[in-house]
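Chain residues, written in single-letter form:
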Amino acid sequence: MVTSRWFLALCLVVAACGADDAAPGAVDSQATGDGADVADVADADAQAVADSAAGEDAAGDDAGDAVVADTVVADTVVADTVVADTVVADTAADTVVADADTDTVTADTVVTAAPRRADLLAWAIGTSNSVGLTVRRSTGTAFAPKESFLGEDSTFFGGTVQRVGDFDGDGKDDLLAWVVGTSDSVGLTVRRSTGTAFAPKESFLGEDSTFFGGTEQLVGDFDGDGRDDLLAWAIGTSNSVGLTVRRSTGTAFAPKESWLGEDSTFFGGTVQLVGDFDGDGKDDLLAWVVGTSNSVGLTVRRSTGTAFAPKESWLGEDSTFFGGTVQLVGDFDGDGKDDLLAWVVGTSNSVGLTVRRSTGTAFAPKESWLGEDSTFFGGTVQLVGDFDGDGKDDLLAWVVGTSNSVGLTVRRSTGTAFAPKESWLGEDSTFFGGTEQLVGDFDGE
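Residues numbered from 1 in each chain as written. Predicted model: local features only at pLDDT ≥ 70, side-chain atom pairs only at ≥ 80, totals over all residues. Heavy atoms only, no water.

*Asks:* Describe the overall build of the protein, naming the residues involved and giving the relevant values.
*Replies:* Regarding its fold elements, the protein presents three helices and 24 strands. Within the protein, the proportion of its 445 residues that are buried is 40%. When contacts within the protein are restricted to residue pairs at least 6 apart in sequence, those whose partners lie at least 24 apart make up 51%. With the model as given, the accessible surface of the protein reaches about 21700 Å², and the carbon-plus-sulfur share is 57%. (Helix = DSSP H or I, 4+ residues; strand = E, 2+ residues; numbered from the N terminus. Buried < 20%, exposed > 50% of the residue type's maximum accessible area, 1.4 Å probe, protein only. Contact = heavy atoms within 4.5 Å. Areas by Shrake-Rupley, 256 points an atom, 1.4 Å probe, with all protein chains shown as cover.)

In C-alpha cells form, the structure reads like this:
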C-alpha cells in the first residue's frame, strides 16, 4: 500500500519534468516571441514619437515620412528657396542685366550725337560806336530769315582782324576782334554766343598785354582741349619764322608761347591754312606754295599739343600743280581728316573744283569733284562749312549785292563729289551783306 503511494508520486514528478524537457522549443519560442514583441513595441513607440514630432499619429506613419523628407529638407529649404532661386539665380542675373543696360545707353549717346550745322554771319563793321551782327541759321536745307545777334550790346566791335571760334568750349562759335597794333600793345575782344545772340564784349587779354602780331593771324584748337586758340604767324623773307600761340583758358588767352619747337626754318608759302590734317584732334599748319608752273609745294607742320613738329612734305604721289582762284580747307569726305580744295572761279559758265584728300601723312592725288554739275559756281564770297550737318563739309557761294537781293548757293558734298547747286535763300530773299561774311555754328545745333 505504501509502495503504491510512492510509485504514484514518483510518476507524477517524472511526468511533470518530462513535459518541460520534451518541448524545449516551446519554451524558446515563447522567449523569442516575447523578444519580438518587445522590439515591435519599441519600433512602434519610436515611430509614434517621430510621427508625433512631425504632427502625425501612429497610424499616419507614411504620411509623416513624406512631410519630413520632401517638404522640410529637400524642396523648401535647400534646393528651391535659398540656394537656387533667390540668391544665385535672381540676384546675379539682375546685376548683369543692369550693367549691360548702362553700357548700352552710354554707347548710344556717343554714337548718335549728330554733327552740327554751320550758320552764316554778316558782320557790318562801322566807324562809329555801332555795329551790325546778323545771323542766318541753317535749317539743313536752307538758311532761315536773318536775325539780329547784337543782344544787350550794341557798341562797336571792330579790330584789325575779325575771327570766329569756340573760345570757351561750349559748342557754340564766338566772335573775336583782334586789334593788331604796331607797338607793344594789342586788343583781344570776344563776344560769346548765347545761342540766340552775342553777349557783351569781354577783354580776353588775360595776364598778357604784350603785342601779338605776325603776318598771319589764325584760329585753331592747337592743343586739342576743345577750345580754340590764337596763332600769330610771322612769315619772313629769310630762313626764319615766328610761330606764337596764345591758348584759350575759356575766359581769356594765356601768355604767348613760342611753338617753333625743334624746327626754326622758314615755313612760308603763298597760302597759310589751318586744319586737322592727321585727324588727331589737334589743328596743324599748312604752307601751300601755289606756283605758276606744273609744280606746287604742300608743307605741313603737325601740332604736338605744345609745339609744331618739323615740317613735312605732303605732296605724296602727286607733284602736279594744284592752284585755283580760291584755296580752302575742309573735311569733304567726312573721315575726320581735313582735305584741300582748289576752287577755280571763272567768269564764264565753267568752274573747276579739285580736291586732294588727306591720308593722314600726305595728300592723295587730285580728283575732280564737279560731279554731275559743271555750271558756274562763283559769288563774291566762297566759304566752306557743314551746312546740312551730315559730317561732310560743303561749299557756299555768297553773292553779296548792294541792293535788297542776295544769292546763297550751296553745293553739298556726297563724299566723292559736290552735288548740283541749290538755292539756300529759303523764305528770306532780302539783302544779307556786311563788311565780313563768316561761317560758324552760332546756335550750337
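From this point, the narrative continues.
*Asks:* Now, about the layout of surface pockets: what can you tell me, with residues and values included?
*Replies:* Roughly 1900 Å³ of volume is contained in the largest pocket. As for the largest pocket, its lining consists of 47 residues, of which Val 219, Val 274, Val 329, Val 384 and Val 439 are closest to the centre. Of all the elements in the fold, those that place two or more residues in the lining of the largest pocket are β4 (161-165), β8 (216-220), β12 (271-275), β16 (326-330), β20 (381-385) and β24 (436-440). (1 Å grid on protein atoms, 1.4 Å probe; cavity = no way out; pocket = protein on both sides within 12 Å on 5 of 7 lines; lining within 4 Å. Points joined across faces, edges and corners; volume = space filled by probe spheres on them.)

*Asks:* Describe in detail the side chain of Asp 278, supporting the description with residues and values.
*Replies:* Tracing the backbone shows Asp 278 in the loop between β12 and β13 (284-290). Ignoring sequence-local partners within four residues, the contact set of Asp 278 consists of Asp 284, Arg 302, Trp 314, Lys 337 and Gly 360.

*Asks:* Go over the sheet that holds strand β21 (residues 394-400), please, and point to the residues and values.
*Replies:* Taken in spatial order, the four strands make up an open sheet running β20-β21-β22-β23, and their pairing is antiparallel. One side of each edge strand has no neighbouring strand; the edge strands of this open sheet are β20 and β23 (422-423). Here strand β22 (residues 406-411) pairs with β23 via two bridges, running antiparallel. In the strand pairing of β23, Val 410 is matched with Glu 422. (Pairing = 2+ DSSP bridges.)

*Asks:* Go over the packing of aromatic side chains with me, naming the residues and quoting the values.
*Replies:* Scanning the entire structure with this criterion turns up 22 aromatic pairs. When the centroid spacing of 5.2 Å and the interplanar angle of 55 degrees are considered together, the rings of Phe 143 and Trp 424 count as tilted. A residue pair is termed long-range when its members are at least 10 positions apart, and Phe 143 in the loop between β2 (131-136) and β3 (147-148) and Trp 424 in the loop between β23 and β24 qualify at 281 residues. Given the relative accessible area of 1%, Phe 143 is considered buried. In this structure Trp 424 comes out as buried when scored by relative accessible area, which is 0%. A centroid spacing of 5.3 Å and a plane angle of 5 degrees characterise the contact between Trp 178 and Phe 212, whose relative ring orientation is stacked. Of this pair, Trp 178 sits in strand β5 (residues 174-180) while Phe 212 sits in the loop between β7 (202-203) and β8, and the two are 34 residues apart along the sequence. Overall, Trp 178 belongs to the buried group, its relative accessible area being 0%. (Phe/Tyr/Trp six-rings, centres within 6.5 Å; stacked < 30°, edge-to-face > 60°.)

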